[in-house]
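If you want the building blocks of each chain, they are given just below.
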Amino acid sequence: MGNQMIKLSALYFSIGVLLGIGMGISHDFALTSAHAHINLLGWLSLGVTGILYRLYPSLAASSLARVHVWLHNIGLPIMIAGIVAAVLGEAALGATLASVGGILVVLGVLAFTWNVWTRLK
């Protein structure tokens, strides 16, 4: 579980860096919010939780860990797509996608938090 999270975080890191470089080269920073969410919820959050799952196997063994991984990794791309859609002028679609994706990520993070509070001794 932890290894997969770390691998996914590296993928988000590459996407976030490439988006940031692309924005810098083009001098168009309209997607700054998407860039920030990719880096914070993708690279940083998934990387840290992946490391915690590696350090504490009891956390990774929980069904809550699987719930966290699935919700986070389904919700985040949906949320990012919504942010991008909103920036590109599709406000209604963007708000819907960002809200649905954001709710999935929040539920995943809450599963992770509950897992940590109940299993980490």
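Structure first, text after, so check above.
Thresholds, definitions, all that
- Residues numbered from 1 in each chain as written.
- Predicted model: local features only at pLDDT ≥ 70, side-chain atom pairs only at ≥ 80, totals over all residues.
- Heavy atoms only, no water.
- Axes fitted to C-alpha atoms, helices over the stretch in contact; angles between N-to-C directions.
- Helix = DSSP H or I, 4+ residues; strand = E, 2+ residues; numbered from the N terminus.
- Parallel < 35°, antiparallel > 145°, perpendicular 65-115°, else oblique.
- Left-handed = near helix turned anticlockwise from the far one by under 90°.
- Contact = heavy atoms within 4.5 Å.
- Phe/Tyr/Trp six-rings, centres within 6.5 Å; stacked < 30°, edge-to-face > 60°.
- Buried < 20%, exposed > 50% of the residue type's maximum accessible area, 1.4 Å probe, protein only.
- Patch = residues over 30% accessible without salt bridge, like charges linked within 9 Å, V, L, I, M, F, W, Y side chains within 5 Å.
- Areas by Shrake-Rupley, 256 points an atom, 1.4 Å probe, with all protein chains shown as cover.
- Salt bridge = Lys/Arg side-chain N within 4 Å of Asp/Glu carboxyl O.

(A) Summary view of the packing of helix H1 (residues 2-26) against helix H4 (residues 63-87). Two elements in contact, H1 and H4, have axes separated by 12 Å at closest approach and are oriented at 15°. The orientation of H1 relative to H4 falls into the category roughly parallel. In terms of crossing hand, the pair formed by H1 and H4 is left-handed. Contacts from Met5, Leu8 and Tyr12 of H1 reach H4 at His68, Val69, Asn73, Leu76 and Pro77.

(B) Summary view of the packing of aromatic side chains. The tally for this structure, following the rule as stated, stands at two aromatic pairs. Look at Phe13 and Trp43: their rings are 4.0 Å apart centre to centre, the planes differ by 15°, and that puts the pair in the stacked class. Taken together, the residues Phe13 in helix H1 and Trp43 in helix H2 (residues 32-55) connect sequence positions 30 residues apart. Classification of Phe13 by relative accessible area gives partly exposed; the value is 34%. Overall, the relative accessible area of 34% leaves Trp43 in the partly exposed class.

(C) Spotlight on a nonpolar patch on the surface. Taken together, Phe13, Val17, Ile21, Ile25, Leu40, Trp43, Leu44 and Val48 make up a surface patch of nonpolar side chains, about 740 Å² in accessible area. Looking at the nonpolar patch, the elements that each hand over two or more residues are H1 and H2. Its location among the elements puts Ile25 in helix H1.

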